[in-house]
Every structure is written in C-alpha cells, then in structure tokens.
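Spelled out, the chains give:
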Amino acid sequence: MAPEKESNGLDNYAFALEGRFCDLPDKKNGGELNSLTDGDNNKLAYCVTDVPPWYLCIILGIQHCLTAFGGIIAIPLILSQGLCLQHDGLTQSHLISTIFFVSGICTLLQVTFGIRLPILQGGTFTLLAPSMAMLSMPEWTCPAWTQNASLVNTTSTEFTDVWQSRMRALQGSIMVGSLFQVFIGFSGLIGLFMRFIGPLTIAPTISLIGLSLFDSAGMSAGNHWGISSMTTALIILFSQYLRHIPVPFPTYSKDKKLHTSRVYVFQILPVLLGITLSWLICYILTTYNVLPAEPDQYGYLARTDLKGDVMSQAPWFSFPYPGQWGIPTVSLAGVVGILAGVISSMIESVGDYHACARLSGAPPPPKHAINRGIGIEGIGCLLAGAWGTGNGTTSYSENVGALGITKVGSRMVIVASGVLMVVMGVFGKVGAIFTTIPSPVIGGMFMVMFGVISAAGVSNLQYADMNSSRNIFIFGFSMFSGLVIPNWILKNPKAIATGVVELDQVLQVLLTTSMFVGGFFGFLLDNTIPGSKHERGILAWNKAHEDDSSNTLESGEVYDLPFGISSYLSSSSWIRYIPFCPPGTPNSLDGCGVDAKSLEPKQPLGHPEPAQIIVGVAL
C-alpha cells in the first residue's frame, strides 16, 4: 500500500524542490486513493518526462542507489553460503561489484527501451530461493573443509574449482530460464498468464520467499544475538518510530542563499542507517577488544577485522565481463527451478509498473509498454546470468515507494542511478567495503527484510474474501505445504528415486523450493475449486491491475520508444501486430499513433496500488 497521509507533516517534501508541478491521480469514479491527497500533496515536483537540474538528478540518483543497497548487497552474501564462499571476502566483493554493474546496465535498458518509467532494476529474491534449492542438492553440497576458515586457501585451484563450478551451473540455468521471460514479454503472453493468476496464488508464493530464508537469517544473526538484535531494533526505530521526524540539513539556493531544509532521512534510509550504526559499534568493540579474538568463542564473527585484508587486496578498478567465471553449464533441474522464480518475478513487476505510474504522475501503462518491460527484464536476467552475478534482475518496489516520498517522478533521476551503479561496479574497493560488514549485522537486517517480504505476500489477500472458508483453506494449505514438503525433502534427499537421474534432479529442486510448492498448490486449488470471481478476489485484483490502454497524447509521450523510433514506425500498418511496439496509424499525431479525436484526458486509476509496494514503504 502507498504511504498514508499523516497529520504530523509526513507529506511535506523530503527535499526542498522547485520545478513544474504535476497532478497526481486523485479520487475519481468512486475509487479510493490511499496515498496522497488534497492540495500540494497531490503535486509532483517533476513528472516522468521532466528533466530536473543535473545536481538534483545526482543527489536523488544516489538516494535511489542507497535505497536499493539492502537488497542488492544481501543477495551475493546469501548466495555465498551456497557457493561455499563464506570465508572468501575478496570473491564476495567481486560478486557485489558485478551485481552493481549489471543492475546499472539493466536499469538504463529498462528506462530507455523498456517500460520507460522511473523504476530501478536490481537483484531479485524470487530467483534466490530456487538457486539455494539447486545448490542444496547432494552433488552441490559444500565440502566440509570449505566451512572451516582455517582450512580454506582462497587462492588454491581446488577451492576455485569448488565455487566456480557451482556458479557456472547457476549461470547457465538463469540464462536459459530468462529466455522464457524474454519470450513471454515480447510475444505479449503476459496478459494470458495474468488471467489465471490471482491473490490466492500470489500470496503464498511471495510469502514463502521470505519464510524459506529463515535459516539463513538465523545462522547469521545467531553468531551474536546481541549485535543482530541491536541492528534489528535500530532499523525498526528508524523506519517505524522516527520516520515522521524531519532532520534539518544545510542547503543553498540562489533565492534563499544558505538555509536549512527538513529532510525525512529516517523515512528514506532506515536500513542503511541501521546497518551503518551497528557496523560502527562493532568496529569500536573490535578496536577495544571487547569482542572475543579466538575463532572458537561466541561472538568472534561480530568483529570487523576478520576480512580486513580484503580492502587492501581488492583492486581500485575491476571491469566485470561476461563469462568471467568460465563457460556456463546448464542443468535441467536448475532451469525448471529458475522458471518458478521467473514467473513470480514477472507477476510482481506488472504490479510495480502500475504502482510506479501512479506515483510518478504517468498514465497507466498500456499493453505494449508492459510487454516491452517484461521482455527487457528477461534480457536483464540474461545479462546477469552471463556476467555471473548468480542472480537475475527485477523491478525494485523499494524505489517505487521512494517516488512517493521525494515527489520526483523524473526518469532522468533513475538514469543517473543506473550510471552511478555502473560506476560503483567498476570501483572494486566499493564492493570490498560491504564484505567487511559483520555477519550478525547482516543477520539483523535479514530479520527485518525477510519479514517484510513475507508480509508483502500476505497483503495480497486484501483483494480476496478472507471470510470465505474456501479461501482460508486454499491459503492455509498452500502455505503449510510450502513449508512441510521442502523441509522433509531436505532431510530425506534420497527419498526421490524414480530411476531417471534428470527427473530426480528436477523434482529435488522443485520440491525443495518453498515458493514453487506453495504457489503451485495455490494456483491449482484456486483455479479448480468452485468460487465466484468476487470471492476469489479476481475482480478487485483486475481493478488494481486495470490496463487502461486507450491511446492518449500523454501515454505516447511517456511510453513510446525513444529517439524517434515510434515516429518512424507509426507510418507502417503492420506495426499494430507487434505486441511490444506502440500501435500506430498513418494519421497519427506527432508520431505517437494517436487519433486527434481520442485526445481525451485519461481517467487515472482510483484503486490502491499493488501490495508489493509495502516493501518500499516499510523499509
């Protein structure tokens, strides 16, 4: 849900901005708008197509990068456990640099040729669950000696072969799985998928992403519960209790000269502030030897000097490139598991597109823009696999929420964010800094982050009638099955023995992926057990994802292809048969494919945003 209006000044601008103001959607046609309301609260400082001053683009671009830091950094750190890299900080820093670099490239592709909304791209947790399930298979279990820091020689050929063979298998599966997303997007079949998927499928699928990662959170936090609890408490304090309190910052403008502006810094950067403060406290405790110096003592992993040599070893400049870990390999089991994550990612992204359009003052995205956005995200996953991030990319709900806070919906700000992430990926020292974050601090962040992801999934049930015993049964059974079955398979890895090795591997990955098990039962039961569309939440779900795709001049300005491509193609009659191109006619106005008689003001959606945006609001 969107940020709610508060009487204590929450809706004041996070930054003192001057620019052309645009109307945000308001209450029309009896719909409800839970985000921004009367007066100046319905104004944007900069719309999608506006270009703010270059310094403002850089400042807000940095903010978007910081907002996405938590998710982008968390993914390589979690993957390092499955890749046997817990004790190799230098390689972890390479992975962080690579995912920053690829996320920047994918963001630029999405803003320029994709959906063309101000939406950031980054690593996705929907691919993390099947990836960890794949790496938990018996043949990919980490050797015991890789779990002991004293036995690991990170420069040895043996150790390099251990983690790179796992990474190459992961890369190949992600690359092949992403081709499915490319096909679904550019062929226009995403609408067909959405027709059969409702809240009772989405809720268990998304919720189980967070719940299935409880073991990773517990292992990291358990290394020092005091430090992890402090990190969790700080993030909760900043994001929930102090988010309405502005902090004065000195600013300068030509009109007001040097003055102070109120910035809701706790609302914008709670995760980063919580991690940084806990990190600093761990550094002080390490400096004064309060934390134990013996590896076998409890709390040793909270020290900040365990990977101190990483900063000195990491190069100043490193240029990630495709195939840097070797030639990717492909396994059927990995591909099928990744497909489950790809489908979930696509559904989430469609919701994010509509929410982003609402908060950036754009008309609802038409079909061709959605198709193009999903297709470009597929290409982004393909690039992420080729570069070797161990993950894919998706639209970031956290940054969609930031649009409502800053009231700057310009896509040029996201272009600046993409360029900044590419630059950070090139500077090797940047990735090395984040590998020195103590494990308990990361665990405390996971406690909050995974909890919010689980809640974001459950919040989709607002569309369904949860007084219905049918819906309660479907959701409850799907959730419980998604926890029980993977847990039992992991404890009994030899239970699946069909006689066909490839089939055994496929079943092993699918049945140990909680989000697949829960989503499969939710999809099957919701589409087979009799129930009205109102009861199932399909009517409310479709309203929230309403595709008001009639052409207007405004939608053409936002969603048409750049560099005059749409104007060039609009004179061709065959263009209407291409699902990802703007429909054009020979008599189009200004190359936008718009009939002059149809230039009527769009009726903006008056429905609550998709529930995925709760992630951005809560964090």
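Residues numbered from 1 in each chain as written. Predicted model: local features only at pLDDT ≥ 70, side-chain atom pairs only at ≥ 80, totals over all residues. Heavy atoms only, no water.

The chain is annotated in an unreviewed UniProt entry as Solute carrier family 23 member 4 from Seriola dumerili. UniProt annotates the chain under Sequence similarities (unreviewed entry) with the comment "Belongs to the nucleobase:cation symporter-2 (NCS2) (TC 2.A.40) family." (UniProt positions renumbered as here; feature names shortened; annotations may be inferred.)

Trainee: In this structure, what is going on with the packing of aromatic side chains? I would like to understand it.
Mentor: Given two aromatic rings, one states the distance between the centres and the angle between the planes to describe the pair. The full count for this structure, using the stated rule, is 11 aromatic pairs. Relative to F520, the ring of F516 has its centre 5.9 Å away and its plane inclined at 25 degrees; by these criteria the two rings are stacked. Residue F516 and its partner F520 are both found in helix α20 (residues 514-528); the two are separated by four residues, about one turn of the helix. The class for F516 is partly exposed, based on a relative accessible area of 25%. Since its relative accessible area comes to 41%, F520 is described here as partly exposed. Site record: aromatic cluster; members linked through ring pairs are F473, F477, F516, F520 and F521. Over the ring of W316 we find K429; its NZ or CZ atom is 5.2 Å from the centre of that ring. (Phe/Tyr/Trp six-rings, centres within 6.5 Å; stacked < 30°, edge-to-face > 60°. Helix = DSSP H or I, 4+ residues; strand = E, 2+ residues; numbered from the N terminus. Buried < 20%, exposed > 50% of the residue type's maximum accessible area, 1.4 Å probe, protein only. Lys NZ or Arg CZ within 6 Å of the ring centre and 35° of its normal.)

Trainee: Just to check I follow, could you spell out a nonpolar patch on the surface for this structure?
Mentor: Taken together, the side chains of F183, L189, L192, F196, F520, F523 and L524 present a nonpolar region at the surface, about 620 Å² in accessible area. At the level of elements, α5 (190-196) and α20 are the ones that each hand at least two residues to the nonpolar patch. The residue L192 is located in helix α5 in this model. Looking at L192, the relative accessible area reads 41%, which means it is partly exposed. (Patch = residues over 30% accessible without salt bridge, like charges linked within 9 Å, V, L, I, M, F, W, Y side chains within 5 Å. Areas by Shrake-Rupley, 256 points an atom, 1.4 Å probe, with all protein chains shown as cover. Salt bridge = Lys/Arg side-chain N within 4 Å of Asp/Glu carboxyl O.)

Trainee: In this structure, what is going on with the state of the cysteines? I would like to understand it.
Mentor: One way to say it: the disulfide is the covalent bond shared by the sulfur atoms of two cysteines. For the structure on display, the rule yields one disulfide. The disulfide bridge from C84 ends at C142, spanning 2.1 Å between sulfur atoms. Given an S-S torsion of about -95 degrees, the disulfide between C84 and C142 has left-handed geometry. Here the residue C84 occupies a position in the loop between α1 (54-82) and α2 (89-113), and C142 occupies one in the loop between α3 (128-135) and α4 (157-187), the gap between them amounting to 58 residues. By relative accessible area, which is 1% here, C84 ends up buried. (Disulfide = S-S within 2.5 Å.)

Trainee: It is not clear to me how the pattern of salt bridges should be interpreted in this structure. Could you clarify?
Mentor: Think of it this way: side chains of opposite charge can pair up when their charged atoms draw near. Under the defined criterion, the tally for this structure stands at three salt bridges. Overlapping salt bridges bring together R470, D526 and R536 as one network.

Trainee: Got a minute to help me understand the environment of I73 in this structure?
Mentor: On the secondary structure map, I73 appears in helix α1. What makes I73 buried here is its relative accessible area of 7%. In the structure, I73 is positioned 24 residues away from S97 in sequence and 9.4 Å away in space, judged by C-alpha atoms. Leaving out residues up to four positions away in the same chain, I73 has contacts with I96, F100 and F434. (Contact = heavy atoms within 4.5 Å.)

Trainee: Whenever I open this one, α4 confuses me. Can you help?
Mentor: Owing to its 3.6 residues per turn, the α-helix aligns residues three or four sequence positions apart on the same side. Between its terminal C-alpha atoms α4 stretches 44 Å, which fits the 45 Å expected from 31 residues at 1.5 Å a residue. G188 lies just past α4 and shows a positive phi near 80 degrees. (Expected span 1.5 Å × (residues − 1).)

Trainee: Can you help me understand helix α8 (residues 225-241) in this one?
Mentor: Its 17 residues give α8 an end-to-end C-alpha distance of 22 Å, which sits within 8% of 24 Å, the value for a rise of 1.5 Å per residue. Among the residues making up α8, those that are buried are I227, S228, T231, T232, L234, I235, F238 and S239. Seen end-on, α8 carries its buried residues on one side only, within an arc spanning 160 degrees. (Arc of directions from axis to C-beta.)

Trainee: Looking at this model, I keep getting lost on the nonpolar core. Mind explaining?
Mentor: Within soluble globular proteins, side chains that are nonpolar tend to cluster in buried spots. If you look at the biggest cluster of nonpolar residues, it comprises 96 residues, and the most contacted ones within it are F100, L117, F125, M445 and F450. The element that contributes the greatest number of residues to this core is helix α12 (residues 332-359), accounting for 11 residues. With sequence-adjacent residues up to four places away left out, F450 is seen in contact with I78, F125, G210, L213 and A217. (Core = buried A, V, L, I, M, F, W, Y, C linked by side-chain atoms within 4.5 Å.)

Trainee: Hey, could you run me through unusual backbone geometry in this one?
Mentor: Leave glycine aside and you will find that most residues have negative phi; peptide bonds, for their part, are mostly trans. With a phi close to 65 degrees, R116 is a non-glycine residue in the positive phi region. As for its position among the elements, R116 is in the loop between α2 and β3 (121-122). Relative accessible area serves as the criterion here: at 10%, R116 is assigned to the buried category. A positive phi angle, near 55 degrees, is found at N289, a position not held by glycine. You can see N289 is positioned in the loop between α10 (270-287) and α11 (308-313). Assessed through its relative accessible area of 53%, N289 is described here as exposed.

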